[in-house]
Amino acid sequence: MSTPEPAPSGGRPAELRHILRTPINHMIGYAELLLEDEQRPRQSEPYLATILACAQQILTLVQRHLQSSDPSSASSEVEILRAQSRGALREAVEATEALSRIETGQRLEDVERIRFAAEELLAFAVGSLPPNVQTPRRAVPVVPQSPAKIVARFLIVDDSELGREMLCRMLERQGHTCVAVESAAEAVACLRSERFDMVLLDFMMPGTTGMELLNQIKSEPGFQETAIVMLSAFDEVAEIGRCLELGAEDYLLKPFDRAVLTARLHAILERKRLQNLERKRTEQLEAAECDLRRSNEDLQRFASVVSHDLQEPLRMISNYVQLLQLSLGESASKEQRDYIHFAIDGAKRMTVLIQELLAYSNVTGRDHTLEAVDCNEVLDEIKLELGASIAETGAVIVHPPLPQVTANRPQMRQLFQNLISNAIKYRSQAPPVIRIAAQRVDRFWQFSVSDNGIGIEPEYQDTIFGMFVRLHSRSVGGAGIGLAICQRVIERLGGRIWLESAKGKGSTFFFTIPA
Ligand code: ADP
């Protein structure tokens, strides 16, 4: 630090605050490092405590007297600051002298750094006479450093060598690893070649400032996820606000409060960890969705191949077996008639299976155009289509006027057709009576399709919506895909489908469609 002159009129208290805070930061930082050192001789503790208390006192004075942005009052405030800090600084310098008689090696070097910082501040403080106001001195608690819960790799960017070194040592003692550089260019080079969990970036640097570097890091696509925390002795709210707007995670004011620094870094690392986890999960989900889409497309392609290429030979088998049956006529033995029957029946079942698979793949396919669908019209079409089995079984279908819904028309037909034909297929002794109704429940239309058929036992009421699930004998035609299709149709519309039934008591299928 070159000793600043009293703030000239027009000088900015904020700048002076910054200049003074750097040596204060060094005093506090190195004194704390020494206090934490388990090898330290016991008798050095009171001197270190004095240094910490003095530095805190000077910090309080700096905050009190260098707040004003009014240059006309700045000069007199600086004078008061100088006068009031002198005593404490002399005491701090004396404490460092005592310490240098006790300490050796690396710790002695740290003591020298504290002395250097205290002397710089004292040189600034030696000025005109004080109005003798006492600043209360706060006792400084020494918080023992415990290992960090999340260990991380830090890049420290600070033009002050002591600042870098102090922070590195502090973080490394907590189990982190650090790389420290002094310029923006070195920082960018490091970031391009290595991975860091967090960058601690000094706000005030010569050349490219911390804010400019922050901007640069945040605009490089590869670095956008890097957490950046601004370190500053320059506590101007507007500047800090700007850094946060530019994407800094947080800021820390020098000199750091160890406990606050540790807690904030931990919070940021934890937040980043959760964000990364979330990003990974999203990527996994996207990959799974992509796989699913691909297998759906594969299924559709498969279904269309099956429908075109298999249906034709299947028809041929069935036709030729029927011709064989005709040509054998009455001469066919019982055995031969049985074989022919099995072949025709097998071909029929296979045709149903192929058609249902095709229908399922259609409802999972891409074409999902929504339109206004009048359910009354759909039911009229289905009654025509199922005319033969309705007539054969004496089925009755009753419903009041039903609403219009926004849905895919062919799929709505498929849905009603499956439910109604099941109600007919799984009928009891009595002719089927099928009642369809709809009512508004919150923001949904809730439909019900009930029958007086054989019913379904409670334990199967969830599983029957699965593919190929069948409860009843093969004598009733079907492939076990109809209800899976219904579920798919409804889920694609954002509704749900379920049923209420009891064996021998008929069944009611419910489904909802957003209104
Ligand atoms: P499929 O009718 O082709 O067998 P579905 O998926 O439509 O296949 O139905 C699955 C099973 O659920 C049926 O095999 C049948 O056992 C049972 N089921 C479906 N609808 C009814 C109903 N209305 N009454 C009784 N059982 C039913």
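Here the structure is a predicted model, which is why all the values come from computation and not from measurement.

Asker: Is there a simple way to explain the pairing of strand S3 (residues 198-202) in this structure?
Answerer: Consecutive side chains of a regular strand alternate in pointing toward one face of the sheet and then the other. Taking burial as the measure, the five residues of S3 include five buried ones, the bulk of the element. The side-chain alternation of S3 yields two buried faces, one formed by Met198, Leu200 and Asp202 and the other by Val199 and Leu201. Bridge analysis of strand S1 (residues 153-157) against S3 gives four bridges, and the strand direction is parallel. The partner of Leu155 across the bridge, within S3, is Val199. Alignment of S3 against strand S4 (residues 227-232), held across five bridges, turns out to be parallel. Along S4, the bridge assignment pairs Met198 with Ala227. One crossover worth recording links S3 to the parallel S4 by way of helix H7 (residues 210-219), and it is right-handed.

Asker: Help me understand the sheet that holds strand S7 (residues 396-398) in this model?
Answerer: Strand-to-strand pairing in sheets goes through backbone hydrogen bonds, with the strands running parallel or antiparallel. In space, the five strands of this open sheet follow the order S7-S9-S10-S12-S11, with mixed pairing throughout. Each edge of the sheet is formed by a strand with only one pairing partner; in this case those strands are S7 and strand S11 (497-501). Strand-to-strand, the axes of this sheet are offset by a mean angle of 20 degrees, without reference to chain direction. Relative to strand S12 (residues 507-514), S11 is paired through five bridges, and the arrangement is antiparallel. For Ile497, the partnering residue across the bridge sits in S12 and is Phe511.

Asker: Can you walk me through unusual backbone geometry in this structure?
Answerer: For residues besides glycine, phi is generally negative; the peptide bonds are generally trans as well. Within the chain, Asp442 stands out as a residue other than glycine whose phi angle is a positive 55 degrees. Of note, Asp442 is situated in the loop between strand S9 (433-441) and strand S10 (444-450). Taking relative accessible area as the criterion, Asp442 reaches 69% and is therefore assigned exposed. One non-glycine residue, Phe468, lies in the positive phi region at around 65 degrees. Mapping Phe468 onto the fold places it in the loop between S10 and helix H14 (482-492).

Asker: Would you mind showing me how to read the environment of Asp462 here?
Answerer: By the secondary structure assignment, Asp462 is in the loop between S10 and H14. A relative accessible area of 70% places Asp462 in the exposed class. For the pair formed by Asp462 and Leu499, sequence separation is 37 residues and the distance between their alpha carbons is 8.2 Å.

Basis of the calculations
- Residues numbered from 1 in each chain as written.
- Predicted model: local features only at pLDDT ≥ 70, side-chain atom pairs only at ≥ 80, totals over all residues.
- Heavy atoms only, no water.
- Buried < 20%, exposed > 50% of the residue type's maximum accessible area, 1.4 Å probe, protein only.
- Helix = DSSP H or I, 4+ residues; strand = E, 2+ residues; numbered from the N terminus.
- Pairing = 2+ DSSP bridges.
- Right-handed = clockwise from strand over helix to strand, strands pointing away.
- Axes fitted to C-alpha atoms, helices over the stretch in contact; angles between N-to-C directions.

So, to be careful, I would describe these as geometric facts and stop short of saying anything about function.
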